[in-house]
Each structure stands twice: as structure tokens, then as C-alpha cells.
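A structural walkthrough
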2 protein chains.
Amino acid sequence: MGPHGDESSDIEKSEESRPSRPISTVVFVIAMQAEAQPLVNKFGLSETISDSLVGGKGLPWVLYQGFHKDLHIYVVCPGKDPASGVDSVGTVPSSLVTFASIQALKPDLLINAGTCGAFKVKGANIGDVFLASDVVFHDRRIPIPMFDLYGVGLRPAFSTPNLLKELSLKIGRLSTGDSLDMSTQDETLIIANDATIKDMEGAAVAYVADLLKVPVIFLKAVTDLIDGDKPTAEEFLQNLALVTSALEENATNVINFINGKSLSDL
Amino acid sequence: MGPHGDESSDIEKSEESRPSRPISTVVFVIAMQAEAQPLVNKFGLSETISDSLVGGKGLPWVLYQGFHKDLHIYVVCPGKDPASGVDSVGTVPSSLVTFASIQALKPDLLINAGTCGAFKVKGANIGDVFLASDVVFHDRRIPIPMFDLYGVGLRPAFSTPNLLKELSLKIGRLSTGDSLDMSTQDETLIIANDATIKDMEGAAVAYVADLLKVPVIFLKAVTDLIDGDKPTAEEFLQNLALVTSALEENATNVINFINGKSLSDL
């Protein structure tokens with residue numbers, strides 16, 4: 001990902017040494033409890049005190065942890081917004097929990113898992129699970145030279161060619177914005193950026209992972225077809241339960257594939 | 001601000017004890033170096049190692065500190081984006097530096113200072129400095145009951161009636177979004193929310209301050225009139241230097257007013 005000029009030598013060193021040893025700690029960043037629960041159940045993770053995240057004391061953040069084969073697995077969710085009672089979706093809460101999780105848990109690999117919208121003209125169907133090739137933002141329009149590129153924030157996902165092949169996942173560019181719906185200007189940018197799937201967190205998680213030099217992949221299950229004939233919110237709610245089950249199944253396959261492998265094996 | 005059900009008793013206690021003692025530590029969160037520099041110069045602040053922020057090691061974040069009368073003043077900026085070289089504007093980087101600054105510096109008061117757009121139909125002029133009454137987002141459209149309220153994210157600024165009166169600042173609602181321009185749908189929401197000024201960070205800083213229970217105020221200087229006849233980017237760049245000087249002057253007045261006072265005196 002993007003070069004940082006001032007990282008300390010111990011960070012460089014730990015990055016160099018990473019690829020050769022087996023992955024031991026994986027953190028899932030998941031925005032909604034409904035998306036996280038099937039995975040928590042599947043791996044028998046137990047809720048732990050979010051105080052163990054840097055700065056997590058007294059916050060709504062929810063942290064689960066447990067072991068599966070040789071892997072220490074964490075699932076972190078930004079939790080319920082205290083004022084409205086709903087899951088704290090979107091870029092800001094996800095970037096905060098990603099930041100705090102990396103600080104506290106020092107994962108070898110981050111996985112941002114969740115639901116997404118997708119374009120059927122790009123070959124997507126409800127229930128498909130995608131691995132993102134790279135991520136962009138579609139709602140950060142800053143029409144000043146270089147700021148425009150910063151706004152789009154293109155970042156590659158960590159490259160996992162073997163995982164992609166083995167699990168027969170679909171692949172495409174993920175575009176992130178803080179709205180569930182899509183405005184005309186969002187659509188223009190999504191099309192200009194040639195994105196296949198659309199979510200509300202991915203590019204923000206990628207930003208933090210890039211800043212802190214942690215490899216990240218994106219596993220996104222399609223709840224709604226953006227260019228279909230149903231309203232997004234209705235289609236999203238209708239398919240949420242079914243699709244999170246497909247997400248859990250694929251996340252399980254990913255974990256089983258990762259187990260015992262190093263980053264460079266992925 | 002919004003109630004949290006699970007804060008620890010020592011947080012409650014420190015909140016109760018806060019209003020009566022003089023404010024000692026103030027942190028300015030400022031997105032752009034050009035907005036921060038006049039203030040850094042005015043107070044003779046010196047750049048310090050951002051490692052002192054939790055997790056700040058190796059990051060582009062910039063931290064200044066110094067003393068003015070009885071106050072310990074910090075200015076924190078998210079710094080230059082490594083890939084594009086521009087200031088890391090917008091909600092995600094500001095929320096991260098706010099989070100880390102609160103953790104590390106334990107401020108009595110946060111001040112999010114910067115430039116903004118404003119509506120002349122609401123009585124705003126170029127160079128005006130506003131104090132925000134409250135903040136909302138205009139680019140988080142989630143048309144599901146309760147999620148819609150969460151998306152708007154209305155939060156009051158810390159109430160400072162005496163400061164407002166003494167400094168003759170203008171007051172209005174601040175609306176935040178990650179774009180410098182304004183789409184049709186942004187405009188619809190800004191008008192529906194009756195906002196007077198528009199920025200790219202405020203509501204995200206408010207979200208983090210609310211989460212961590214730190215009082216926050218917003219000092220925003222008008223660089224461009226949203227309903228004027230010039231393109232936003234052009235007007236913004238043209239007025240940036242002039243307006244940051246007005247911002248510095250007003251921030252100085254705010255600091256001088258705060259000095260020796262407790263939160264409840266503001």
C-alpha cells in the first residue's frame with residue numbers, strides 16, 4: 001500500500017518477518033451485530049471486555065474472541081449507537097474500532113466482513129460473496145488537484161491469489177460511502193471508478209490498515225442489487241438473514257484456508 | 001450529549017468535578033496545516049513527537065504544544081496523506097486524531113477549528129467566524145427507521161453562552177460531509193436540517209468527543225458562500241489565507257476568554 005516516509009525501523013522489520021511465519025491472529029471488523037453473530041456462533045467465540053481495546057473503556061464497542069485450530073480469532077463490532085440504539089455503521093465508527101483493534105490485538109491479518117450492494121450488470125447476484133480487489137470512496141468529492149485523488153482513496157486489498165482460486169470467490173472493486181442509498185453523484189463516481197460492489201465501511205478500514213501497515217482483505221456478501229428493481233433498504237432488510245449465513249460459510253472457509261499458512265501463502 | 005449506559009463511575013466523577021475547576025488543557029483539532037499554522041505561530045507552540053499520541057508512532061499526524069497563561073495548549077492535525085501529499089481532510093482522519101488525542105492528552109475542552117462554507121441567505125459573509133450551536137451530517141443517508149436519525153447524528157456543541165456573548169461570534173448549525181462540493185442530495189439534507197455552515201470534519205469530531213465524554217466547541221471561519229456565484233473550490237483557495245488569519249484572531253480571543261475560567265463559566 002502507499003509508502004510512509006517516517007515509519008520506524010522496527011515496524012519495517014516486523015513487516016519483513018511477517019510473510020514467512022504462520023498467521024496466528026486474525027481480527028474481523030464487522031459493522032453490524034447481525035452480520036457478526038453467525039460467525040461468533042460458528043467459532044464459539046465469547047464476548048470479552050472491550051476495555052482490552054485501547055481506549056475501549058465505557059464505549060459501546062463489542063469484542064469477541066476465541067481459538068480455532070492454530071488461529072486466535074477476534075471479531076470486533078462498533079456496537080450500538082447509544083442515542084439511536086442501532087448498529088454504528090459507516091466509516092467513522094469502523095475506522096475507530098479498526099485503529100483500536102490493531103493497537104491492542106496486533107493482528108497478522110484484518111478481515112473486514114459484511115454485506116454489500118452490487119451491480120447485476122457486473123455479474124453479481126443476491127447471496128454472492130466477493131473478495132475486494134481494491135477499495136475506493138464514492139462520497140469524498142474534493143475537486144482540487146491531488147485532493148481529488150486523496151478523496152477517492154484507492155487502496156489495494158492484500159493480494160490473496162491462492163485463497164481466491166481455492167474458494168472460488170468472485171472478485172471486484174469495492175466502493176465505500178456513508179449512505180445506504182446511492183445519489184446520482186455517488187453513482188457517477190462508482191461507475192467512473194468501475195466498482196462492482198458498494199458498502200459503508202471498507203475504504204475506511206483500508207485507510208486505517210494502510211496507516212498502521214496491517215494487511216487487510218474484504219469479504220462482502222451481496223444483500224441488494226443496486227441496479228435491480230427493488231428499493232435498496234427494503235431489499236437489504238429482506239435478504240440480511242439469508243445473506244449473513246452465506247457470509248458466515250465463506251468466512252469459515254477463509255479461516256480454514258488461512259490456518260497454518262503464512263501471509264505469502266495466501 | 002447522548003447518554004451512555006455503561007460508563008464507569010470514575011468517568012462520571014471526573015465529569016462532575018470538571019465544571020468547578022479552571023480549564024487547564026485545551027486541544028485544537030485542525031484538519032489543514034494552513035489552518036493550524038497561524039495559531040501555532042501566535043502561541044509560539046512547538047512541534048512535538050506524535051508518538052505521544054496513543055498509536056501515533058510512525059503516522060503522519062502532527063502535534064504542537066505549548067503554554068499560554070494558565071493553559072496547556074495542543075494543536076493536532078492529521079497531517080499529510082502519504083500517497084497524495086495533501087492534508088488528510090475529512091471525517092475519518094479527524095476522528096482518529098480526536099480519539100488518540102483524547103486518550104493521550106486528556107483535554108478539559110476540545111476545539112475543532114477550521115474553515116467552512118456558509119449560506120449568505122442565512123446572513124453569512126466571507127471571513128465571518130461562527131461558533132456551532134450543534135452539528136449534523138448531510139451525507140449519511142440511511143432510509144431505515146432509527147438508522148436515519150443515527151445517520152444525521154445531531155449532537156449539540158458544549159454550551160458556551162458567555163463566550164458567545166463576549167466575543168460577538170455568529171452562531172449556527174454546522175453540517176458535515178466528506179465532499180468539498182455539495183450534491184443535490186447534500187443540499188436537500190442541509191436545508192432540511194436548517195444548517196448555516198458546512199464543513200468536512202465537525203460532526204465526526206463531535207461523535208468521538210461524545211463517545212469519550214469530552215466537551216467540544218466548533219470555531220469555523222467562512223471561506224466560501226455556498227449559495228454565492230463562485231465555484232466552491234476556487235473561492236475556498238482564494239480566501240484561505242485571509243480567512244485563516246480571522247480564524248487565528250478569534251481562536252486567540254477564545255483562548256484568552258477561557259483562561260482562568262471553569263467549563264461552567266463559559
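This text goes with the structure placed above it.
Just so we're clear, the structure is a prediction, and the values are computed from it rather than from any experiment.

Calculation notes
- Residues numbered from 1 in each chain as written.
- Chains lettered and ligands numbered in written order.
- Predicted model: local features only at pLDDT ≥ 70, side-chain atom pairs only at ≥ 80, totals over all residues.
- Heavy atoms only, no water.
- Buried < 20%, exposed > 50% of the residue type's maximum accessible area, 1.4 Å probe, protein only.
- Helix = DSSP H or I, 4+ residues; strand = E, 2+ residues; numbered from the N terminus.
- Pairing = 2+ DSSP bridges.
- Salt bridge = Lys/Arg side-chain N within 4 Å of Asp/Glu carboxyl O.
- Phe/Tyr/Trp six-rings, centres within 6.5 Å; stacked < 30°, edge-to-face > 60°.
- Lys NZ or Arg CZ within 6 Å of the ring centre and 35° of its normal.
- Least-squares fit on C-alpha atoms with pLDDT ≥ 70 in both.
- Contact = heavy atoms within 4.5 Å.
- Disulfide = S-S within 2.5 Å.
- Buried area = accessible area lost by both parts, 1.4 Å probe.
- Polar contact = N/O pair within 3.5 Å; in protein donor to acceptor, adjacent residues only side chain to side chain.
- Nonpolar A, V, L, I, M, F, W, Y, C, P; charged D, E, K, R; others polar.
- Core = buried A, V, L, I, M, F, W, Y, C linked by side-chain atoms within 4.5 Å.

**Description of the pairing of strand β1 (residues 25-29) of chain A**
Residue and element names in this part refer to chain A. The buried fraction of β1 is high, at five of five residues. Two elements, β1 and strand β4 (residues 71-77), share five bridges in a ladder whose sense is parallel. By the bridge assignment, Phe-28 is partnered in β4 with Val-75. Across four bridges, β1 lies against strand β5 (residues 109-118) in parallel orientation. In the strand pairing of β5, Val-27 is matched with Leu-110.

**Some remarks on the pattern of salt bridges**
Enumeration according to the criterion identifies 22 salt bridges over all chains in this entry. As a salt-bridge pair, Asp181(A) and Arg141(B) come within 2.8 Å of each other at their nearest N and O atoms. Residue Asp181(A) is located in the loop between β8 (170-176) and α6 (184-192), and its partner Arg141(B) is located in the loop between β6 (129-137) and α4 (147-152); the two belong to separate chains. Like Asp181(A), the residue Arg141(B) is buried in the burial classification. For the salt bridge of Arg141(B) with Asp186(A), the shortest nitrogen-to-oxygen distance reads 3.0 Å. You can see Arg141(B) sitting in the loop between β6 and α4 and its partner Asp186(A) sitting in helix α6, one on each of two chains. Across the pair, Asp186(A) and Arg141(B) agree in class, each one buried.

**What to know about the packing of aromatic side chains**
Residues and elements named next belong to chain B. All told, the structure shown has two aromatic pairs over all chains when counted by the stated rule. Here the basic side chain of Arg-140 rests over the ring of Phe-137, its NZ or CZ set 3.7 Å away from the ring centre. In this arrangement the basic side chain of Lys-261 is found over the ring face of Phe-257, its NZ or CZ atom lying 4.0 Å from the centre.

**Focus on the relation of the copies chain A and chain B**
Applying a rotation about an axis and a shift along it to one chain copy brings it onto the other copy. With an axial shift of 0.0 Å and an RMSD of 0.0 Å, the rotation relating chain A to chain B amounts to 180°. In the structure described here, the two chain copies are related by an operation that fits a two-fold rotation axis. Judged by C-alpha distance, Val92(A) is the residue of chain A that lies nearest the rotation axis, at 2.7 Å. Looking at the interface residues of chain A, 98% of them are also at the interface in chain B, so both copies use one shared face.

**Some thoughts on the state of the cysteines**
Evaluation of the coordinates by the stated rule reveals zero disulfides over all chains. With no disulfide of its own, Cys77(A) lies closest to Cys116(A) among cysteine sulfurs, the gap being 17 Å.

**Brief notes about the interface of chain A and chain B**
Listed by partner, the interface residues are 57 residues for chain A and 56 residues for chain B. Summing the contributions of chain A and of chain B, the shared interface buries around 4,900 Å²; its carbon and sulfur component is 66%. The largest per-residue losses of area from chain A upon contact with chain B belong to Phe99(A), Arg141(A) and Tyr150(A), which jointly make up 12% of the total buried on that side. At the boundary of chain A with chain B, the tally comes to six salt bridges. Applying the counting rule to chain A against chain B returns 12 residue pairs in polar contact (both at pLDDT 80 or more). Where the side of chain A that touches chain B is concerned, the elements lending two or more residues are α1 (9-17), α3 (91-105), α4 (147-152), α6, α7 (202-211) and α8 (232-258) of chain A. At seven residues, the largest contribution of residues to the side of chain A that touches chain B is made by α3(A). Its residues assigned to classes, the side of chain A that touches chain B comprises 31 nonpolar, 13 polar and 13 charged.

**A look at the environment of Thr223(B)**
Residues and elements named next belong to chain B. Note that Thr-223 resides in strand β10 (residues 216-225). For Thr-223, a relative accessible area of 0% puts it in the buried group. Placed 12 residues apart in sequence, Thr-223 and Glu-235 show a C-alpha to C-alpha distance of 6.9 Å. The residues touching Thr-223, leaving out its near neighbours within four places in the chain, are Thr-115, Cys-116, Ile-126, Glu-235, Phe-236, Asn-239, Leu-240 and Val-243. Within the local environment of Thr-223, its side chain forms a polar contact with the side chain of Asp-224, the two groups lying 3.0 Å apart.

**Things to note about the side chain of Asn250(B)**
Summarising the element assignment, Asn250(B) is placed in helix α8 (residues 232-258). Excluding residues that lie within four positions of it along the chain, Asn250(B) makes contacts with Val129(B), Leu167(B), Leu169(B) and Leu219(B).

**Let's talk about the environment of Asn162(B)**
All names here are of chain B. On the secondary structure map, Asn-162 appears in helix α5 (residues 161-167). Sequence spacing of Asn-162 and Phe-257 is 95 residues, and the spatial spacing of their C-alpha atoms is 9.3 Å. With residues up to four places along the chain from it excluded, the contact list for Asn-162 reads Phe-257, Asp-265 and Leu-266. Engagement of the side chain of Asn-162 in a polar contact is seen with the backbone oxygen of Asp-265, the distance being 2.9 Å.

**A look at the side chain of Asn239(B)**
All names here are of chain B. Along the chain, Asn-239 turns up in helix α8. Look at Asn-239 and you get buried, because its relative accessible area is 10%. Here Thr-223 takes part through its backbone oxygen, which lies 2.8 Å from a polar atom of the side chain of Asn-239. Apart from the residues lying within four places of it in its own chain, the contact partners of Asn-239 are Ile-126 and Thr-223.

**Some remarks on the nonpolar core**
Generally speaking, nonpolar side chains in soluble globular proteins are found buried as a group. Membership of the largest hydrophobic core comes to 80 residues, with the highest contact counts inside it found for Trp61(A), Leu96(A), Phe218(A), Trp61(B), Leu96(B) and Phe218(B). When residues no more than four places from it in sequence are discounted, the contact partners of Phe218(B) are Asn112(B), Phe130(B), Leu131(B), Ala132(B), Val135(B), Ala157(B), Leu174(B), Gly202(B), Val205(B) and Ala206(B).

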